[in-house]
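Chain by chain, the residues:
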Amino acid sequence: MILDQIVEDKKIRLKEHKNKTSPDEIRRMAEEQVKIGSSFYDALKKDQISIIGEFKQASPSLGKITSKINLTERMEEYNASVDAISCLTEEDHFLGNIDYLRTIRKQTKLPILRKDFMIDEYQFYEAKAIQADAILLIAAILDDVMLKDFYQLSTELGLDALVEVHDEREMERALKADIKIIGVNNRDLRDFTIRLDTTKRLSAMVPGDKVFVAESGIVTDEDVLFLKECHVDAFLIGRAFMEAEHPKELAERWKKL
Ligand SMILES: O=P(O)(O)OC[C@@H](O)[C@@H](O)c1c[nH]c2ccccc12
């Protein structure tokens, strides 16, 4: 399964990162940071629907994504239209990098989500050191103990955690761990099929006080209308924004729909 491969490759990358910047050093860097970005949680919790705009240059399911605009142009559009940014930092399968997040940080005060496969404490200090405001926790690659420990560490570091689930069992685990921000990935990472109905199915389990995020496969007006019916608080949009000449126009239209 692709997820296993990504995690294996991540372990190798992690070693490289630790060799370059030692765990002691990264902790020190994390402690030194003054928060620049606003609150990820607050950005999604507000009454109106929120949009998280992603920066993603490739993925195992979509291959290489060609963008018509450069990163600076993209950030101008995002700054004027979305509520939070998601930046892929996974190198091998998504062609991400922590340097992209650093570049984005210089161009926005919007909250930034570090989108990666978090499997080691080191990555949380690193996220803090590069001035991310939030991190992603993927329930499918974490057992209950890791989920709880990483969630607690995030909170201690002042990082919001978006916990990603894909089925009822993972949703139950997230609810048991008392996670505040829950995302449903509509993409099945085992075969890459996309079903927006996943959000609809799981929405019934989510108590009203949670922040509920629909992720992946949101491309058309119909998709947006369908998900609004599911009472989500936010959409996470990658490909549609990456391929759009003017993501701002799309974001504005979708908010109003
Ligand atoms: O490009 P899309 O279909 O709009 O999807 C965005 C986002 O949901 C997707 O990139 C994503 C969701 N969960 C992830 C976990 C790891 C990497 C990437 C992801």
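Since the model is a prediction, treat every value here as computed from it, not as a measurement. (Residues numbered from 1 in each chain as written. Predicted model: local features only at pLDDT ≥ 70, side-chain atom pairs only at ≥ 80, totals over all residues. Heavy atoms only, no water.)

Per the secondary structure count, the protein includes 12 helices and 10 strands. The C-alpha radius of gyration of the protein comes to 17 Å, within 12% of the 18 Å expected for a compact globule of 257 residues. Referenced to the eigenvectors of the C-alpha coordinate spread, the extents of the protein come out at roughly 50 × 40 × 35 Å. The 257 residues of the protein split such that 54% are buried. Relative to all contacts within the protein whose residues are 6 or more apart in sequence, the contacts with residues 24 or more apart total 70%. Within the protein, the 49 negative side-chain charges are centred at a point lying 2 Å from the centre of the 39 positive side-chain charges. (Helix = DSSP H or I, 4+ residues; strand = E, 2+ residues; numbered from the N terminus. Rg over C-alpha atoms; globule rule 2.2 N^0.38 Å. Buried < 20%, exposed > 50% of the residue type's maximum accessible area, 1.4 Å probe, protein only. Contact = heavy atoms within 4.5 Å. Lys, Arg positive; Asp, Glu negative; His and termini not counted. Charge placed at Lys NZ, Arg CZ, Asp CG, Glu CD.)

A separate point is the sheet that holds strand 7 (residues 160–165). To summarise the sheet geometry, strands pair through backbone hydrogen bonds and adopt either a parallel or an antiparallel arrangement. Taken in spatial order, the eight strands line up as 1-4-5-6-7-8-9-10 and close into a barrel, and their pairing is parallel. Direction aside, the axes of adjacent strands within the sheet are offset by 25° on average. Judged from the five bridges that link them, strand 8 (residues 181–185) and strand 9 (residues 211–215) form a sheet pairing that is parallel. Pairing of I181 across the sheet is with V211, part of strand 9. Against the sheet, helix 5 (residues 98–106) touches strand 1 (50–55), strand 4 (84–88) and strand 5 (112–115), its axis set at about 175° to strand 5. (Pairing = 2+ DSSP bridges. Axes fitted to C-alpha atoms, helices over the stretch in contact; angles between N-to-C directions.)

This brings us to the side chain of D83. With respect to the helices and strands, the residue D83 is situated in the loop between helix 4 (71–79) and strand 4. One polar contact links D83 to K255, side chain to side chain, over a distance of 2.8 Å. If we ignore the near neighbours within four places in the chain, the residues touching D83 are A43, K46, I49, S50, I51, L110, P111 and K255. (Polar contact = N/O pair within 3.5 Å; in protein donor to acceptor, adjacent residues only side chain to side chain.)

Our next topic: empty space enclosed by the protein. The tally for this structure, following the rule as stated, stands at one cavity of 30 Å³ or more. In this model, the largest cavity occupies a volume close to 60 Å³. Lining of the largest cavity is provided by Q33, V34, K35, I36, G37, K128, Q131, A132 and D133. (1 Å grid on protein atoms, 1.4 Å probe; cavity = no way out; pocket = protein on both sides within 12 Å on 5 of 7 lines; lining within 4 Å. Points joined across faces, edges and corners; volume = space filled by probe spheres on them.)

The next point concerns the packing of helix 10 (residues 221–229) against helix 12 (residues 247–256). Where helix 10 contacts helix 12, the axes come no closer than 10 Å and their chain directions differ by 40°. Relative to helix 12, the element helix 10 is oriented oblique. For the element pair helix 10 and helix 12, the recorded crossing hand is right-handed. The segment helix 10 lies against helix 12, with D221, V224 and K228 engaging R253, W254, K255 and K256. Classifying every residue of the contact of helix 10 with helix 12 by side-chain character gives two nonpolar, no polar and five charged. (Parallel < 35°, antiparallel > 145°, perpendicular 65-115°, else oblique. Left-handed = near helix turned anticlockwise from the far one by under 90°. Nonpolar A, V, L, I, M, F, W, Y, C, P; charged D, E, K, R; others polar.)

Turning our eyes to something else, we now look at the UniProt feature "domain: Indole-3-glycerol phosphate synthase" (unreviewed entry) in the protein. The feature "domain: Indole-3-glycerol phosphate synthase" (unreviewed entry), as given by UniProt, occupies residues 3–248 in the numbering adopted here. The span residues 3–248 is 43% helix and 18% strand, and its two end C-alpha atoms sit 32 Å from each other. (UniProt positions renumbered as here; feature names shortened; annotations may be inferred.)

Of all five residues in strand 9, five are buried; the element is thus mostly enclosed. By the alternation rule, side chains of strand 9 split into V211, V213 and E215 and F212 and A214, which are all buried. In this view, the connection linking strand 8 to its parallel neighbour strand 9 by way of helix 9 (residues 197–203) has right-handed handedness. Alignment of strand 9 against strand 10 (residues 234–237), held across three bridges, turns out to be parallel. Considered in strand 10, the bridge of V213 is made with A234. (Right-handed = clockwise from strand over helix to strand, strands pointing away.)

As a further point, take unusual backbone geometry. You will see that Q131, though not glycine, has its phi angle at about 70°, which is positive. Along the polypeptide, Q131 turns up in the loop between helix 6 (121–129) and strand 6 (134–138). One non-glycine residue, S216, lies in positive phi territory at about 80°. The residue S216 is located in the loop between strand 9 and helix 10 in this model.

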